[in-house]
Each structure stands twice: as C-alpha cells, then as structure tokens.
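Observations on chain architecture
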Amino acid sequence: MAGSGTAHLRGEKALLSVEDLVVEYPGGPSGAVVQAVSKVSFDVLPGETLGIVGESGCGKSTTGRAVLRLDRLTSGRIGFAGEPIEEADERHMRALRRQMQMIFQDPVASLNPRRTVKDLVVEGLAVAKVPADERAAASATVLAQVGLDGERFADMLPRQLSGGQAQRVAIARALAVGPRLLICDEPVSALDVSVQAQILNLIEDMKATYDLTVVFIAHDLGVVRSVSDNVLVMYLGKVCEYGDAVRVYDRPAHPYTRALLDSVPLTDPDKGFAGPALEGDVPSPLAPPSGCRFRTRCPLAKDRCAEEEPEVREVRPGQFAACHLA
Ligand code: ADP
Ligand code: MG
C-alpha cells in the first residue's frame, strides 16, 4: 500500500502506537482539504522519548493533538497502553487525558490568566474532585519538583511569571495528575537560549521521577538530539525518516534529514547524501507534489520521485526512510 509504512512498528509493547494517521482540515478553496498529516506511523515504548522534527507546518502539532483526540481524525489508528482509542468517546477521552498530558510553546497562553500558580498546578485535580487539603499538598509538592519556591510563587498570576517560570508551572500542572505520557509541543522554542537548557533538563528529571514516556516536538533537530531515543522527521505531513536517534543523526538516510542537519554540502559519500542546504519554500499542503512530497526541493530528485510515492522502509537496522534513493 503506497505510503503506509508500518513495518517499523514494534507492536504490543508500545505505550503509544500511531498507525497510518491521516488528519485533513477543510477550508481550502473549491473544497480542497489541507493534508496536514498523511499516513503517519510511529510507536513509543514505555520510558522512551520520541523526538518529532520538521519545518513549521509539516504537521507536528496536528500529530500531537490527534493523539489526545483534540482534532477529528480523518483515518488511522491510535493505541494507548494497548487500547485502541481512535474511536473512544469524549467522556472516556477525558479520563484518558489524565494519563496523556501536553505542554505547549506558549505557556502563559495555556494558563488561565486569573488563577494563581498554586491553584493552576492542581486544576486537573479539582476537576477530578480531589479534596482541597490534598490539592494543597499536591500543589506544594509539584511546585517544589519543578524548582519553584512555593512561598514566592504560590500566589502569583501567570502574567507575573517569566517564560521559563510559566513553563515550569505548565509542567507542574501536567505532572500533578500523574500522567504516563507527556507530549511536549515546542516547549522551549519561545524561551531564551539560557533558559531552554534548564527546561530541557527539568523535563529529563521529571521523566525519571514520574517514569514518563515522552513525545518531544521541535522544529529544530538540535533541540531534540539530547533528549530523544528515537526521532521522526516529518515533511509536509509525511514521515521522511524514523529511527534510532544516534543512527539518524550520525548517518541520515533521507536528503531532507541531511538538509535539516547541516547547511554544508556533504562530500563524504559514506555518510549519506551529498546535497546543498535546504532552499525554497515548503509547497502548500492543499496541493502537495505528486510522488515524493520533498522532490521539488530535493537536490537528488529523479523522474521516479515524481511518479511514485516512496514507502517507509528499513534502510539500515533500526533506521527507516521514505526515499527511493536511500
Ligand atoms: P507544525 O506544528 O508542524 O508547524 P501544524 O500541525 O500546526 O504544523 O499544521 C500542519 C498544517 O495544517 C499546516 O499547513 C497548517 O496551516 C494546517 N492547519 C493546522 N491547524 C489547522 C486548522 N485548524 N485548520 C486548517 N488548517 C490547519
Ligand atoms: Mg506546531
């Protein structure tokens, strides 16, 4: 089946398994749909971190939101802890979302501006009708865990916080409900470089403390490098490359991954593809190119790339790519 590469999925052991996910948004002229996510498959084993990377608009956030069923799926399957959830009703999803929490690029926007920090971090527990004294204790605990001094921050409002402090509150809020999966959607992209490393370290620490499985979305390959076990590279709604992060970074198999990784033309053929830096704009997801979607920007494209869509296939052990030439 063209474009459906699920051979890399590791089956029942996964905490999260996404298979052939398609999300299309209406809204294009004359009935065209935005093909935001097109047959994306990946899985994440318990305790793993999957990095999802690609340029703006390639479908990363849509993929994260689809896992939590925040948008309508066009088709595909989502498994969480062995349970198919793509058709779970909203009531069941509300219960499941305590186990699957999400943090975002703009932490202040994700926090209710009129609530104090101490209440914000246990909002999820209030919804679950946890008694006030238990909530207060939990609030103090998670604030301490994310490195915020309760005395100083408890009664502050989101607008009084720096970006890094607000992201700590958002992380505390996600952790307070005891999730198993944390989806981080560009959690450091809006922060100063000096603060980025602190928040990345905090996510790593919390991953260990809470035994979390993590999906870490970023447009920058550099950011996910240090935290990812596996990495998924997306382009225009499609998977380009997927696999063990060390292998993908050391020896990228897809010309797009290589282009993202370095802007320097490559001369060592053993290391993968030679090619110039990434140039040009991403085509519209309303009318993606035929065949391989990356071909219009690919320095290596052949006739075949326009005619035939490349399937995701194993190019080296533990490394998968959708490229005719890989
Ligand atoms: P990323 O997070 O990788 O930047 P997104 O998942 O936000 O990408 O978006 C993927 C594509 O879907 C983009 O072309 C975007 O414009 C489009 N898109 C996202 N959300 C909507 C929506 N609610 N309605 C219509 N198009 C959308
Ligand atoms: Mg996004």
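Residues numbered from 1 in each chain as written. Chains lettered and ligands numbered in written order. Predicted model: local features only at pLDDT ≥ 70, side-chain atom pairs only at ≥ 80, totals over all residues. Heavy atoms only, no water.

1. Digging into the site of ligand 1
The immediate surroundings of ligand 1 are formed by Tyr 25, Val 34, Ala 36, Glu 55, Ser 56, Gly 57, Cys 58, Gly 59, Lys 60, Ser 61, Thr 62 and Pro 285. Here Cys 58 contributes a backbone N or O atom positioned 3.2 Å from an oxygen atom of ligand 1. The separation between an oxygen atom of ligand 1 and a polar side-chain atom of Lys 60 is 2.8 Å. About the coverage of ligand 1: the protein hides 62% of its 560 Å² of free accessible area. Only β2 (34-44) and α1 (60-67) provide two or more residues apiece to the shell around ligand 1. Examining the composition of the shell around ligand 1, we find that 3 residues originate from one element, α1, more than from any other. (Near = heavy atom within 4 Å. Polar contact = N/O pair within 3.5 Å; in protein donor to acceptor, adjacent residues only side chain to side chain. Areas by Shrake-Rupley, 256 points an atom, 1.4 Å probe, with all protein chains shown as cover. Helix = DSSP H or I, 4+ residues; strand = E, 2+ residues; numbered from the N terminus.)

2. So, empty space enclosed by the protein
One pass over the full model with this rule turns up 3 cavities of 30 Å³ or more. Its boundaries defined by the atoms lining it, the largest cavity holds a volume of some 140 Å³. Together, 15 residues line the largest cavity, and Lys 238, Val 239, Glu 309, Pro 310 and Ala 322 are the ones closest to its centre. If one sorts the elements of the lining of the largest cavity by residue count, strand β10 (residues 238-244) sits on top with 3 residues. (1 Å grid on protein atoms, 1.4 Å probe; cavity = no way out; pocket = protein on both sides within 12 Å on 5 of 7 lines; lining within 4 Å. Points joined across faces, edges and corners; volume = space filled by probe spheres on them.)

3. Some thoughts on helix α8 (residues 193-210)
For α8, which comprises 18 residues, the first-to-last C-alpha distance of 26 Å matches the rise-based estimate of 26 Å (1.5 Å per residue) to within 8%. Those residues of α8 not exposed but buried are Val 195, Gln 196, Ile 199, Leu 200, Leu 202, Ile 203, Met 206 and Lys 207. For α8, the angular spread of buried residues about the axis comes to 160 degrees, placing them on one side. Turned more than 90 degrees away from the buried face of α8, the exposed residues are Ser 194 and Ala 208. Residue Asp 211 follows α8 closely and has a positive phi angle near 60 degrees. (Expected span 1.5 Å × (residues − 1). Buried < 20%, exposed > 50% of the residue type's maximum accessible area, 1.4 Å probe, protein only. Arc of directions from axis to C-beta.)

4. Examining the pairing of strand β4 (residues 75-80)
Alignment of strand β1 (residues 16-25) against β4, held across 5 bridges, turns out to be antiparallel. Across the sheet, the residue bridging to Val 18 is Ile 78, located in β4. As paired elements, β4 and strand β5 (residues 83-84) share 2 bridges and run antiparallel to each other. Paired with Phe 80 across the two strands is Glu 83, which belongs to β5. (Pairing = 2+ DSSP bridges.)

5. Description of the confidence of the model for the chain
Mean pLDDT over the chain works out to 91, with 94% of the residues at or above the 70 mark. Considering only residues more than four positions removed or in separate chains, one finds that residues 263-276, a stretch of pLDDT under 50, has 26 contacts. (pLDDT = per-residue confidence, 0-100. Contact = heavy atoms within 4.5 Å.)

6. Side note on the state of the cysteines
For the structure shown, the criterion picks out 0 disulfides. Free of any disulfide, Cys 305 has its nearest cysteine sulfur in Cys 292, 6.1 Å distant. (Disulfide = S-S within 2.5 Å.)

7. What about the sheet that holds β1?
As summarised here, the arrangement of the 4 strands in space is β2-β1-β4-β5, forming an open sheet in which the pairing is antiparallel. Only two strands of the sheet have a single neighbouring strand rather than two, namely β2 and β5. Sheet analysis places β1 next to β2, joined by 8 bridges and oriented antiparallel. Across the sheet, residue Ser 17 finds its bridge partner in β2, namely Asp 43.

8. Comments concerning the layout of surface pockets
To find leftover empty space, a probe the size of one water molecule is rolled over the atoms. Size it by volume and the largest pocket reaches roughly 660 Å³. If you trace the largest pocket, you find 20 residues lining it, with Arg 97, Gln 101, Gly 124, Val 127 and Arg 173 closest to the centre. Elements with a minimum of two residues in the lining of the largest pocket: α2 (90-96), β6 (100-103), α4 (123-127) and α7 (163-176). Top contributing element to the lining of the largest pocket by residue count: β6, with 4 residues. Looking at the lining of the largest pocket, its residues break down into 12 nonpolar, 3 polar and 5 charged. (Nonpolar A, V, L, I, M, F, W, Y, C, P; charged D, E, K, R; others polar.)

9. So, the environment of Ala 136
Turning to its location among the elements, Ala 136 is positioned in helix α5 (residues 132-145). Accessibility expressed as a relative area gives 47% for Ala 136, which makes it partly exposed. Along the chain, Ala 136 and Val 121 lie 15 residues apart, while their C-alpha atoms are 9.8 Å from each other.

10. A few points about the packing of α7 against α8
At a closest axis distance of 10 Å, the pairing of α7 and α8 adopts a crossing angle of 15 degrees. Of the possible angle classes, the one that applies to α7 and α8 is roughly parallel. Considering the relative orientation of α7 and α8, their crossing is right-handed. For the pair α7 and α8, contact is made by Gly 164, Gln 167, Arg 168, Ile 171 and Leu 175 and by Val 195, Gln 198, Ile 199, Leu 202, Ile 203, Met 206 and Tyr 210, respectively. Among the residues making up the contact of α7 with α8, the classes are represented as 8 nonpolar, 3 polar and 1 charged. (Axes fitted to C-alpha atoms, helices over the stretch in contact; angles between N-to-C directions. Parallel < 35°, antiparallel > 145°, perpendicular 65-115°, else oblique. Left-handed = near helix turned anticlockwise from the far one by under 90°.)

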